[in-house]
Amino acid sequence: MAHILLVEDSPEVSLSVREILASAGHSVEDAGNGKQALERLKGGKFDAIVSDIWMPEMDGIAFLKEIRGTGNKVPVVVISGGAPNAPLTYTAPMAATFGANVVLYKPFEKEELLSALSSVL
Amino acid sequence: MDTHGLQNDLGGMNLSSIRGFLESFHDPALIVDQSDQAVMANRAALRFLGRPVEQVEGKPLDGVFSIYLERVRRKGGANGLIRLEQYFEGAWYVLQVFDLLGPDGRTPTPYRVMSATDVSERKRREFDFLEIAAGLEEATRIAQMGTFKIIWANLQIDWSPHNYTLHGVSHDTFQPGGQAYLVLVHPDDRAYVNRRGTALARGEAAANVEYRIVRPDGAVRWVRMDGRVLFDSSGNGYASFGTIQDITDAKHREEELRELLRRNAILYEALEASPNGVAVFVSVQEGFEALYVNAAFERLTQHNSFSLNPASIRTLIPDSEVESWSRIATAIDHSQGGDFDVICRRRDGTEFPAKIELAPVHDHPQQAASAFVVNLRDLTIEKQRAAALLQSQKMEALGQLSGGVAHEINNLLQPVIALSDLGTSVLEKNPEKARQYFDVIGNSGRKAREVVRQVLTFARRDSPQLSSLNLVPLVTDAVDLAAKGLPAQIEVVSDIQLETAMALVSATQVSQVVLNLVRNASDAMNGTGRIAIGLKHLNIEQSAMPGELHAGPWIKLTVQDQGCGIDSVTLARVFEPFFTTKPVGRGTGLGLSVVYSIVEGWGGVINIESKVDQGTIVVIYIPEQV
């Protein structure tokens, strides 16, 4: 069982992901954007991070750059709303470039997220 | 008459032999004694005097002979041969007098022989010559022509008076001569003039020798010298005669003409080199006739000026292009220019898209065009490029649209898929939790529906019913509603003085437009500033150009902010769907696209003016219903 930081601005997506993780017995802490997530990281230790890309204040790419820049090697699963190859969603491959361990495209099944997570834990 | 005295005085010389001597003169001849009486006359003299012998011999001299004696006497008596010319009663005579010698041929006698030769014919020729010479002098003066003559024997050089004038020198101070003359010649031409002049002096003719002289006052003149050789009666050349003519004006005209021709040649070459087809049509009785086509025109149309006539410009327009031809023909009829996007027909019947630019040429501003210049441009490649660009823009827009919609829908589908799965598993054990999941699923579904609606509104497949509504309360309410959601430091000021402003709109769309614009204005101001809303009547008297507002009553809705402004690159794209400058997570990028398509649906026009760091004003013009 792992302690996981979930970074997602959409309440509905946040709820659904949190419930998936909880159903597998993981404990979850919420953050609405990258900035809040950085605060949470100061306060505690996490086994993995699940993060959206498009978020206000600090997006997922900036958040990734920030944590990898400080040498934090915690596994990150990026969940992207973008369709592959669509002009505005090039950020998903970029997430991988900047240190995401796995990139998942929404909407994904419960098992997809759990197996992605177990692969990095 | 004492002819016997004559016989005695001549030493017994036979009278008949004396008479024979006298008859040997073909001209009238007399023997005159010391008292000036004629003692013997030949037959010619009698004929000449018109009197019988008895009225001549032994009588004093009369007629031309008496006048003649007067002149001889004035000269101090006759010694030896005397030869005089005398005019008398309409004829010229040469009178000769010599002493009659004795039979030994040496001893003088008191008698003189006198003969008169009619030289009228020669004299007339002489006069004719003088007259010609005088006329020639006058002619050379009029022709600005000077003459000169060089006698070879003594190298004497004579200049006509005008030759001095022509060279700007004075008869008193200038001594004509080879070296002196060369000083008057332009330095660049001296070698040439020296060569031709020397040849002339050697006896060669010199025709059309053109050179410049520099007058003492510094004036440079062009002259032409023509010289020839004069021959004496035995055919030997003895002098050179020449004319010198001032040809400065002719030279200048010649240079002007040459310059004009040179420019014409350049213009012609330029026209020929033009990548655009150029043709010139001139006015003739039945319309306009092709005068010239350049190489590009010929290449484009396969027509030359001959094959274009007699149908002229009409030849280029296929029969199917009735509309195009009618517009061109109207312009021609009214002597007007214009641009025409047409289908053009080649000589072989194939067609190509082209732009015909028609420019009238007026000889006089008030009159009909005397010619037309046609500029022809092949638009085939441009059309292909434009089509390709349009296609790539379509693809880009489609990509943005699909990407943006996909992102929104994907995010909304995530809870639907995840929670329906989880909900099923907790349905029995935890129905409360399941209900919460189903609420989220339902909300996500409704949000997805809203996204689809926005897309459809943009695509205008979902046009709501438009009705005649008063914009004043609609806009006021929408502004109030929009203001509620804004940060506290943002002030919204409405300047709406109207009571009614009727337009064919949808109430929902009006609030959608106002909300969108007010929120954009607020976002641009970074939390503080003023948004001014205006609603006014606008009456357009005359529609100036296509693309501008048509004449009639309009309602002008303005939303002005004091925000960051929009740079020109961004401004060009603001109406593109899913184009956004906002931070990620804020806005779909559909807002202004939706506003644009809504306003278009009302028959309105939207215009954005913006200056970076000074703010933006969005103006919407809506046709007013009166």
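Residues numbered from 1 in each chain as written. Chains lettered and ligands numbered in written order. Predicted model: local features only at pLDDT ≥ 70, side-chain atom pairs only at ≥ 80, totals over all residues.

A. The overall build of chain A, seen in detail. Within chain A one finds 5 helices and 5 strands. Each helix and strand of chain A, placed in order from N terminus to C terminus, yields the pattern β-α-β-α-β-α-β-α-β-α. Buried positions account for 51% of the 121 residues belonging to chain A. Considering only contacts within chain A whose residues lie at least 6 apart along the sequence, 65% involve residues at least 24 apart. (Helix = DSSP H or I, 4+ residues; strand = E, 2+ residues; numbered from the N terminus. Buried ≥ 20, exposed ≤ 12 C-beta atoms within 10 Å, placed from the backbone. Contact = placed C-beta atoms within 7 Å.)

B. The arrangement of the overall build of chain B in detail. From N to C terminus, chain B includes 18 helices and 23 strands. Buried positions account for 27% of the 626 residues belonging to chain B.

C. Spatial organisation of the confidence of the model for chain B. All names here are of chain B. Per-residue pLDDT for chain B averages 83, and the proportion of residues at 70 or more is 90%. The lowest-confidence element of chain B is helix 1 (residues 3-9), averaging 66 in pLDDT; the highest-confidence one is helix 10 (residues 295-301), averaging 93. pLDDT under 50 marks residues 583-587. Its contacts with residues more than four places away, or in other chains, come to 11 contacts. Listed scores for the predicted complex are pTM 0.40 and ipTM 0.83. (pLDDT = per-residue confidence, 0-100.)

D. Spotlight on the sheet that holds strand 3 (residues 48-52) of chain A. All names here are of chain A. Read across the sheet, 5 strands follow the order 2-1-3-4-5 without closing on themselves; strand pairing throughout is parallel. In this open sheet, the two strands that pair with only one neighbour each are strand 2 (27-31) and strand 5 (102-105). Taking the axes of each pair of neighbouring strands and ignoring which way they run, one obtains an average angle of 20 degrees across the sheet. In this sheet, strand 2 lies alongside strand 1 (residues 3-7) in parallel orientation, the contact comprising 5 bridges. What sits directly across from Val-7, in strand 2, is Ala-31. Packing against the sheet, helix 3 (residues 60-69) makes contact with strand 1, strand 3 and strand 4 (76-80), and its axis sits at approximately 150 degrees to strand 3. Across the sheet, helix 5 (residues 110-120) is in contact with strand 3, strand 4 and strand 5; its angle to strand 5 comes to roughly 175 degrees. (Pairing = 2+ DSSP bridges. Axes fitted to C-alpha atoms, helices over the stretch in contact; angles between N-to-C directions.)

E. Region of interest: the pairing of strand 11 (residues 237-246) of chain B. All names here are of chain B. Bridge count for strand 7 (residues 145-151) against strand 11 is 7 bridges, and the pairing is antiparallel. Looking across to strand 11, one finds that Gly-146 is bridged to Ile-244. For strand 10 (residues 220-231) and strand 11, the ladder comprises 9 bridges, and the chain directions are antiparallel. Counterpart to Arg-228 in the pairing with strand 11 is Phe-241. Turn length for the strand 10-strand 11 hairpin, with the two strands adjacent in sequence and antiparallel, is 5 residues, and the turn residue Gly-235 shows positive phi of about 85 degrees.

F. Broad picture of helix 5 of chain A. All names here are of chain A. When helix 5 is considered as a whole, its buried residues turn out to be Lys-110, Leu-113, Ala-116 and Leu-117. Buried residues along helix 5 cover an arc of 140 degrees about the axis, so they all sit on one side. Facing away from the buried surface of helix 5 by more than 90 degrees, the exposed residues are Glu-111, Ser-115, Ser-118 and Ser-119. (Arc of directions from axis to C-beta.)

G. Representation of helix 3 of chain A in the model. Residue and element names in this part refer to chain A. Among the residues of helix 3, Gly-60, Ile-61, Phe-63, Leu-64 and Ile-67 are the ones counted as buried. Axial view of helix 3: buried residues confined to an arc of 160 degrees, hence all on one face. Looking at the residues trailing helix 3, positive phi occurs at Gly-71, about 85 degrees.

H. Fine view of the sheet that holds strand 23 (residues 615-623) of chain B. Residue and element names in this part refer to chain B. The strand order across the open sheet formed by 5 strands is 18-20-21-23-22, and the pairing between neighbours is mixed. Both outer strands of the open sheet, strand 18 (490-496) and strand 22 (605-611), are each paired with one neighbouring strand and no more. Strand-to-strand twist across the sheet, computed as the mean angle between neighbouring axes with direction ignored, equals 15 degrees. Relative to strand 18, helix 15 (residues 471-484) is tilted by about 175 degrees, and along the sheet it contacts strand 18, strand 20 (529-540) and strand 21 (552-560).

I. Structural view of the nonpolar core. In terms of nonpolar packing, the biggest core is built from 48 residues, with Leu-5, Val-50, Leu-64, Val-77, Val-78, Ala-95 and Ala-100 of chain A touching the most fellow members. A total of 8 residues in this core trace back to one element, the largest contributor, which is helix 13 (residues 380-426) of chain B. Excluding residues within four positions of it along the chain, Ala-100 of chain A makes contact with Leu-64, Val-76, Val-78 and Ala-95 of chain A. Counting 38 residues, the second largest nonpolar core, distinct from the first, contains Val-505, Val-559, Ile-566 and Leu-592 of chain B. (Core = buried A, V, L, I, M, F, W, Y, C linked by C-beta atoms within 7 Å.)

J. Spatial organisation of the environment of Leu-291 of chain B. Residue and element names in this part refer to chain B. With respect to the helices and strands, the residue Leu-291 is situated in strand 13 (residues 287-293). Here Leu-291 falls in the partly exposed class, since 15 other C-beta atoms lie within 10 Å of it. Put simply, Leu-291 and Val-280 are 11 residues apart on the chain and 5.5 Å apart in space, counted from C-alpha to C-alpha. In contact with Leu-291, not counting residues within four places along its chain, are Val-280, Phe-281, Val-282 and Ser-305.

K. Highlighting the confidence of the model for chain A. Residue and element names in this part refer to chain A. Scored by pLDDT, chain A has a mean of 87; 91% of the residues are at 70 or more. No element of chain A has a lower mean pLDDT than helix 4 (residues 91-97), which averages 70, and none a higher one than strand 1, which averages 96. This model gives residues 84-89 a pLDDT under 50, and the stretch forms 19 contacts once residues within four places in sequence are excluded.

L. Focus on the packing of helix 2 (residues 34-43) of chain A against helix 3 of chain A. All names here are of chain A. For the pair helix 2 and helix 3, interaxial distance at closest approach is 9 Å and the crossing angle is 30 degrees. Classified by the interaxial angle, the pair formed by helix 2 and helix 3 is roughly parallel. Two secondary-structure elements touch here, helix 2 through Gly-34, Ala-37, Leu-38 and Leu-41 and helix 3 through Gly-60, Ala-62, Phe-63, Glu-66 and Ile-67. Of the residues contributing to the contact of helix 2 with helix 3, the split by class is 6 nonpolar, 2 polar and 1 charged. (Parallel < 35°, antiparallel > 145°, perpendicular 65-115°, else oblique. Nonpolar A, V, L, I, M, F, W, Y, C, P; charged D, E, K, R; others polar.)

M. Geometry of the environment of Pro-553 of chain B. All names here are of chain B. With respect to the helices and strands, the residue Pro-553 is situated in strand 21. By C-beta crowding, Pro-553 is classed as partly exposed, having 15 other C-beta atoms within 10 Å. When the C-alpha positions of Pro-553 and Tyr-621 are compared, they lie 9.9 Å apart, and in sequence the two are 68 residues distant. Once you skip the residues sitting within four places of it in the chain, Pro-553 turns out to touch His-537, Asn-539, Glu-624 and Val-626.

N. Broad picture of the pairing of strand 14 (residues 338-345) of chain B. Residue and element names in this part refer to chain B. When strand 14 meets strand 15 (residues 351-361), the two strands line up antiparallel, connected through 8 bridges. Pairing of Asp-341 across the sheet is with Lys-355, part of strand 15. Count of turn residues in the strand 14/strand 15 antiparallel hairpin: 5 residues, of which Gly-349 carries a positive phi of about 95 degrees.

O. Inspection of the packing of helix 15 of chain B against helix 16 (residues 507-524) of chain B at higher detail. All names here are of chain B. Interhelical geometry of helix 15 versus helix 16 gives an angle of 45 degrees and a closest axis separation of 9 Å. It follows from the interaxial angle that helix 15 and helix 16 lie oblique. Once helix 15 is placed against helix 16, the crossing between them reads as right-handed. Facing helix 15, whose interface residues are Leu-471, Leu-474, Val-475, Ala-478, Val-479, Leu-481 and Ala-482, helix 16 presents Ala-507, Val-510, Ser-511, Val-514, Leu-515, Val-518 and Arg-519. Broken down by class, the residue content of the contact of helix 15 with helix 16 amounts to 12 nonpolar, 1 polar and 1 charged. (Left-handed = near helix turned anticlockwise from the far one by under 90°.)

P. The arrangement of the environment of His-550 of chain B in detail. Summarising the element assignment, His-550 of chain B is placed in the loop between strand 20 and strand 21. Each C-alpha atom, one on His-550 of chain B and one on Asn-539 of chain B, is 9.8 Å from the other, the two residues being 11 residues apart in sequence.

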